[in-house]
Amino acid sequence: MSSESKQDTQPTSRPVLDPSTWVDEFGEFFYRYAMSRLRQQEAAEEVVQETFVAGIRSQSQYAGKATVRNWLMGILKRKIIDVIRQRQRQMQSTGYNDGDDPEQVLFDASGHWRESATAF
């Protein structure tokens, strides 16, 4: 076997990631995407930050099969789904619906807090 064919059969090294560029390269795009799904500035900012942290923590799992942007976008989408699921659980546990009158939901006829509202 020649040295050329040995090199061809050796595993390729993992792609090198540079997290220090992620915020500048992807931050604005990820934020706009998160805002379009979550409709809350703080929630959008948080999921983008969590995405970058998760990307840094899981760099060893990046195989280079997708672009860094697409790999991070996959993480972002899962973070957004987690927030939406959490919101749904909160809505179900409180029994509150955006169409409900908050006064009726939180207080009884005598003006006292409903027991279910204090679990908030």
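Note: the structure precedes this text.
It should be emphasised that the depicted structure is a prediction, and the values quoted were computed from it without experimental measurement.

Asks: So what exactly am I meant to see when it comes to a negative patch on the surface here?
Replies: A cluster of like negative charges, contributed by E42, E45, E46, E50 and D82, occupies part of the molecular surface. The dominant element in the negative patch, judged by the number of residues it contributes, is helix α3 (residues 41–57), at four residues. Position of E45 among the secondary structure elements: in helix α3.

Asks: Sorry, what's going on with the nonpolar core here?
Replies: One recurring pattern in soluble globular proteins: nonpolar side chains tend to sit buried together. Ranked by size, the top nonpolar core spans 22 residues in total, and within it W22, F30, L72 and L76 carry the most contacts. If you list the elements that add at least two residues to this core, you get α2 (22–38), α3 and α4 (68–94). In this structure, W22 is in contact with L17, G27, F52, G55, I56, V68, W71 and L72, ignoring residues within four places of it in sequence.

Asks: Which parts of the structure should I look at to understand the pattern of salt bridges?
Replies: As a working rule, side chains carrying opposite charge can pair if their charged atoms are close by. Applying the stated rule across the entire model yields one salt bridge. For the salt bridge of E28 with R32, the shortest nitrogen-to-oxygen distance reads 3.8 Å. Linking E28 with R32, this pair stays in helix α2, spanning four residues, or about one helical turn.

Asks: Hey, could you run me through α3 in this one?
Replies: Every α-helical turn comprises 3.6 residues, leaving residues that sit three or four positions apart pointing alike. Taking 1.5 Å of rise per residue, the 17 residues of α3 would be expected to cover 24 Å, and the 24 Å separating its terminal C-alpha atoms lies within 8% of that figure. Listing the buried residues of α3 in full gives A43, A44, V47, V48, T51, F52, A54 and G55.

Analysis parameters
- Residues numbered from 1 in each chain as written.
- Predicted model: local features only at pLDDT ≥ 70, side-chain atom pairs only at ≥ 80, totals over all residues.
- Heavy atoms only, no water.
- Patch = residues over 30% accessible without salt bridge, like charges linked within 9 Å, V, L, I, M, F, W, Y side chains within 5 Å.
- Areas by Shrake-Rupley, 256 points an atom, 1.4 Å probe, with all protein chains shown as cover.
- Salt bridge = Lys/Arg side-chain N within 4 Å of Asp/Glu carboxyl O.
- Lys, Arg positive; Asp, Glu negative; His and termini not counted.
- Charge placed at Lys NZ, Arg CZ, Asp CG, Glu CD.
- Helix = DSSP H or I, 4+ residues; strand = E, 2+ residues; numbered from the N terminus.
- Core = buried A, V, L, I, M, F, W, Y, C linked by side-chain atoms within 4.5 Å.
- Buried < 20%, exposed > 50% of the residue type's maximum accessible area, 1.4 Å probe, protein only.
- Contact = heavy atoms within 4.5 Å.
- Expected span 1.5 Å × (residues − 1).

Read these as layout, nothing more, since geometry by itself doesn't imply function.
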